[in-house]
Amino acid sequence: MSDAPVATGQAAVDQLLEVLDLAQTGEMAFRGMSPPVGPQRVYGGQVAGQALVAAGRTVDPERAVHSLHGYFVRPGDPAEPIEYQVENVRDGRSFSVRRSVALQHDEPIFFMSASFQRQEEGLDHHAPLPPDVPGPDDVPTMADRLARYPERLGIWGQIPRPIDVRYVGEPGWVRPGDRPAEPHQRVWMRIDGKLPDDPLLHACALTYASDLTLLDSVLSVHGEVWGPGGVVGASLDHALWFHRSFRADEWFLYDCWSPSASGARGLATGRMFTTEGRHIASAVQEGLLRRVGG
């Protein structure tokens, strides 16, 4: 294990921006890289965020992404480049639709459809921010929580942390038995530095963040944890809807819960709210969940 300090703050954000800055290799083709230090499989939020970068770069900037739907079909190898091929499904008067496929060794590891819309006015309503949730300054920082569980860190104690994550309740990586069963998992998040003003980049950063804690809400219902003595899992699919403008480098509450789990699969859904209570995005994900020994 390296003795070098883990990158946090703007240094980690700058590394994330490099990961999201794809090289264009053809009219509808792009190449992405993974961070030099990371987990054994490519993080799902990374490949989804990069796939959205690729799709978005082929669309009129006046059209903002409003939804994406993706499937994880093979584990990605972080040591190998990821090739992204984009298909122009349709450019209509109001909407543009793209299909973005991530490939390694000429095989798809992830594919996604994304829809983009020109700005329009219409009906406007949303559910309120959950009541009585402490603010981000009133819950422990990630560093505070990690200090209690050094043996649970593994690779996560070595990789850059571009997202400031603050759990309202207990996270899923505590020791078995340390997590009470809770129907919701609520986490404050923000990109831990300054992002450029490009709305597509903020959508890609939010996509990157959306995969980080969502599936953990399935475990929260049962008071279960990840890793030895708990559960291992993998994302199967991921959907995200963008409702209102936002900045991913400002605090948002990720309010997640699980309506169902069966057949070694768990369904998780989440809503994202700004500190002012604006509902900015919604996510749904199904994941594979299997018990492991201690």
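Procedures and definitions
Residues numbered from 1 in each chain as written. Predicted model: local features only at pLDDT ≥ 70, side-chain atom pairs only at ≥ 80, totals over all residues. Heavy atoms only, no water. UniProt positions renumbered as here; feature names shortened; annotations may be inferred. Helix = DSSP H or I, 4+ residues; strand = E, 2+ residues; numbered from the N terminus. Salt bridge = Lys/Arg side-chain N within 4 Å of Asp/Glu carboxyl O. Buried < 20%, exposed > 50% of the residue type's maximum accessible area, 1.4 Å probe, protein only.

Under the annotation held in an unreviewed UniProt entry, the protein carries the name Acyl-CoA thioesterase 2 and is attributed to Micromonospora robiginosa. Its UniProt record, at the heading Sequence similarities (unreviewed entry), says of the protein: "Belongs to the C/M/P thioester hydrolase family." Within the UniProt record for the protein, the comment given under Catalytic activity (unreviewed entry) is "a fatty acyl-CoA + H2O = a fatty acid + CoA + H(+)".

Can you help me understand the UniProt feature "domain: Acyl-CoA thioesterase 2 C-terminal" (unreviewed entry) in the protein in this one?
UniProt's entry tags residues 177–288 with the feature "domain: Acyl-CoA thioesterase 2 C-terminal" (unreviewed entry), counted in the numbering of this structure. Between the end C-alpha atoms of residues 177–288 there is a gap of 22 Å, over a span that is 17% helix and 46% strand.

For this particular structure, what's the right way to read the pattern of salt bridges?
Applying the stated rule across the entire model yields 18 salt bridges. A salt bridge links Arg74 to Glu107; the nearest nitrogen and oxygen atoms lie 3.5 Å apart. A residue pair is termed long-range when its members are at least 10 positions apart, and Arg74 in the loop between β3 (63–72) and β4 (82–91) and Glu107 in strand β6 (residues 107–118) qualify at 33 residues. A relative accessible area of 37% places Arg74 in the partly exposed class. What makes Glu107 partly exposed here is its relative accessible area of 39%. Close ionic contact of Arg244 with Asp124 constitutes a salt bridge, the shortest N to O distance being 2.8 Å.

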